[in-house]
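Residue-level structural notes
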Amino acid sequence: MAQEDVFKKIVSHCKEYGFVFPSSDIYDGLGAVYDYGQNGVELKNNIKQYWWQSMVLLHENIVGIDSAVFMHPTIWKASGHVDAFNDPLIDNRDSKKRYRADVLIEDQVAKYEEKIEKEVAKARKRFGEAFDEAQFRATNARVLENQQKRDALHQRYSDAMNAMNLEELKQIILDEEIACPISGTRNWTDVRQFNLMFKTEVGSTADGASTIYLRPETAQGIFVNYLNVQKTGRMKVPFGIAQIGKAFRNEIVARQFIFRMREFEQMEMQFFVKPGTELEWFETWKNTRMAWHQALGFGAENYRFHDHEKLAHYANAASDVEFRMPFGFKEVEGIHSRTNFDLSQHAKFSGRKIEYFDPETNESYTPYVIETSIGVDRMFLSIMCHSYEEEKLEGGETRVVLKLPAALAPTKLAVLPLVKKDGLPEKAREIMQELKFHFNCKYDEKDSIGKRYRRQDAVGTPYCITVDHQTLQDNCVTLRNRDTMQQERVSVESLRSLIEDKVSLTSLLKKL
Ligand code: ATP
């Protein structure tokens, strides 16, 4: 099946099984805004817990905060967002569709890369075992031609972005003959800058109102609380502050479902270090964060780092963790060495001294910062994409199963009475009554047992138990494993110990 079709299926699965709904669905939705349903909210909460505990529970020197969405407007002047949080946009006059100029060009770069990969795949098929990929890449004329075109375009694009040269961006689009995917024409407007922050007003009268912004990142809430937390928590550098919260960006192009949203959630941690040690800490955090991703068991080959060539003005190193989505390797997390830019700017704009006094050396300095910043929704999407499987069963039947990491699954155990009579529902309820305090259980008595198993497979429930007539005599149930579909007879008393360890967050955290 084409990857595009797989992705479509995942999106409709998310809706059909109560994971993600379009926002304002009965009003036909609102662009790039989504709601999480009864299963989605559980998965999302589990992702957040996994992150939060890995930061705050496992590190003695990291604490959490929860700052407000609304902040003093000068914060966004100081951080540079009022002046520089822009995307270059371009419109197609025929379709009236708006695009990000940088994304159109990046897609074109990706097209050259795809052409190269196609050539390589074709040759691999033709030569079989004897295929020497490195040699083929170094000598094949078509590969070399596309590589040269790709590199030249990439260089020209990087130069234009670094200089924010809007005319040059448009010229690249024209020279590369990039057409609008809707109208198919190359009737483009000029490229313009577009600020991504949403504005609103506080104050009851228009006169007394002042403009404020919906925060485009949670990080600034941490920086402006640096002094509060350091002093009240008597924190010693190096230390970190973690936060999970909503962020808002008026994204020009809404694409790829919950990958790019206008309202989304971030999990950010700012780690304050002594100047001069930041690049070592940067490496440490890159490794720590990659280990967090890989502990989910999706396979190391599905992740890669993308080190930034173009650095934001405040950064001295930056790298993204990319995950293999059905639409290619995409950023899920950014790790940035932000120098002392933010704290210094806030010191300047607020007039407050924002420093750290080191009791060991008796010196004061403005700490440097390593940031780890991950989108909850993108993480959610990567988990759904990796977990969704259509499995061919013996007998030609297909089952749709979400192979979610058990610790993240919305429901851990489904309790199913074989029939709706003979005291089986009562027995099933009794078992649930005991287990529901330890992990999330669901009761289901509707439809045949086979259909109920399929329903649980589709929402990723790792275990089901079936209560049958025999249970009333021997106090044993059938325990079914989602992934292997194997069933075993186990005693009701052993259920908790059999399941709890496998589905608990602790088991995942212990892998770190
Ligand atoms: P992109 O280049 O994809 O726009 P970014 O580099 O601007 O992302 P950051 O500012 O580094 O993103 O934000 C950190 C993380 O927040 C990203 O890695 C991503 O997971 C998440 N994120 C950013 N923008 C969005 C969005 N519009 N929708 C969902 N998640 C987002």
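Residues numbered from 1 in each chain as written. Predicted model: local features only at pLDDT ≥ 70, side-chain atom pairs only at ≥ 80, totals over all residues. Heavy atoms only, no water.

**Some points on the nonpolar core**
Core analysis: the biggest nonpolar cluster contains 59 residues, and Phe19, Tyr50, Trp51, Phe380 and Met384 have the highest contact counts within it. Among the elements that take part in this core, helix α13 (residues 376-387) stands out by supplying seven residues, more than any other. Each of domain 1 (1-71 + 196-392) and domain 3 (400-509) accounts for three or more of the residues forming this core. Not counting residues within four places of it along the chain, the set of residues in contact with Tyr50 comprises Trp292, Ala295, Leu296, Leu408, Leu505, Leu508, Leu509 and Leu512. Leu424, Ile431, Leu435 and Ile499 belong to the second largest nonpolar core, which has 20 residues in total. (Core = buried A, V, L, I, M, F, W, Y, C linked by side-chain atoms within 4.5 Å. Buried < 20%, exposed > 50% of the residue type's maximum accessible area, 1.4 Å probe, protein only. Helix = DSSP H or I, 4+ residues; strand = E, 2+ residues; numbered from the N terminus. Domains from an automatic or database assignment. Contact = heavy atoms within 4.5 Å.)

**Structural notes on the site of the ligand**
Taken together, 15 residues form the shell around the ligand, and within it Glu251, Arg260, Met261, Glu331 and Val332 come nearest. Within the backbone of Gly375, a nitrogen or oxygen atom sits 2.9 Å from an oxygen atom of the ligand. Considering the ligand on its own, with 590 Å² of exposed area, one finds that the protein chains cover 83% of that surface. At the level of secondary structure, the elements contributing two or more residues to the shell around the ligand comprise β10 (263-273), β13 (328-337) and β16 (368-375). Of the residues assigned to the shell around the ligand, the class counts are four nonpolar, five polar and six charged. (Near = heavy atom within 4 Å. Polar contact = N/O pair within 3.5 Å; in protein donor to acceptor, adjacent residues only side chain to side chain. Areas by Shrake-Rupley, 256 points an atom, 1.4 Å probe, with all protein chains shown as cover. Nonpolar A, V, L, I, M, F, W, Y, C, P; charged D, E, K, R; others polar.)

**Topic: helix α11 (residues 278-294)**
Spanning 17 residues, α11 covers 24 Å between terminal C-alpha atoms, matching the ideal 24 Å at 1.5 Å per step. All of the buried residues in α11 are Glu278, Phe282, Trp285, Lys286, Arg289, Met290, Trp292 and His293. Down the axis, α11 shows its buried residues gathered within 155° of arc, on one side only. Turned more than 90 degrees away from the buried face of α11 sit Glu280 and Asn287, all of them exposed. (Expected span 1.5 Å × (residues − 1). Arc of directions from axis to C-beta.)

**What to know about the pattern of salt bridges**
In this structure the tally under the stated criterion is 44 salt bridges. Residue Glu217 is joined to Arg338 by a salt bridge in which the shortest nitrogen-to-oxygen separation is 3.6 Å. Taken as a pair, Glu217 in the loop between β8 (210-213) and α9 (219-223) and Arg338 in the loop between β13 and α12 (341-350) lie far apart in primary sequence, 121 residues in all. As far as burial versus exposure is concerned, Glu217 and Arg338 are alike and both buried. As a salt-bridge pair, Arg454 and Glu397 come within 3.7 Å of each other at their nearest N and O atoms. (Salt bridge = Lys/Arg side-chain N within 4 Å of Asp/Glu carboxyl O.)

**Observations regarding the domain arrangement of the protein**
Along its sequence, the protein is carved into domain 1 (1-71 + 196-392), domain 2 (86-194) and domain 3 (400-509). Its C-alpha centre places domain 1 at a distance of 35 Å from the equivalent point of domain 3. With both chains or domains summed, domain 1 and domain 3 bury close to 1900 Å², and 70% of this area falls on carbon and sulfur atoms. A salt bridge links Glu391 to Lys403; its shortest N-O distance comes to 2.7 Å. Here domain 1 is connected to domain 3 by seven residue pairs in polar contact (both at pLDDT 80 or more). Put simply, the parts of the chain that give the side of domain 1 that touches domain 3 at least two residues each are α2 (40-57), α13 and β17 (388-392). The dominant element in the side of domain 1 that touches domain 3, judged by the number of residues it contributes, is α2, at nine residues. (Buried area = accessible area lost by both parts, 1.4 Å probe.)

**Topic: unusual backbone geometry**
The residue after Val237, namely Pro238, is reached through a cis peptide bond having omega 5°. You will see that Arg234, though not glycine, has its phi angle at about 45°, which is positive. One can find Arg234 in the loop between α10 (226-232) and β9 (239-248). With phi around 60°, Phe257 is a residue other than glycine that occupies positive phi space. Within the element layout of this structure, Phe257 appears in the loop between β9 and β10.

**So, the sheet that holds β13**
Ordered by their spatial adjacency, seven strands build an open sheet running β3-β9-β10-β16-β13-β12-β11, and the pairing between neighbours is mixed. Since the sheet does not close on itself, it has two edges, and those belong to β3 (62-64) and β11 (303-307), each with one partner. The sheet shows a mean angle of 25° between the axes of neighbouring strands, direction not considered. By the bridge criterion, 10 bridges tie β9 to β10 in an arrangement that is antiparallel. (Pairing = 2+ DSSP bridges. Axes fitted to C-alpha atoms, helices over the stretch in contact; angles between N-to-C directions.)

**Digging into the packing of helix α1 (residues 3-16) against α13**
The interhelical angle for the contact between α1 and α13, taken along N-to-C directions, is 110°, at an axis separation of 10 Å. Here α1 is positioned roughly perpendicular relative to α13, judged by the angle of their axes. Here α1 and α13 pass one another in a crossing that is right-handed. Packed against α1, whose contacting residues are Phe7, Ile10 and Cys14, the element α13 presents Leu381, Met384 and Cys385 at the interface. Residue composition of the contact of α1 with α13, grouped by class: six nonpolar, no polar and no charged. (Parallel < 35°, antiparallel > 145°, perpendicular 65-115°, else oblique. Left-handed = near helix turned anticlockwise from the far one by under 90°.)

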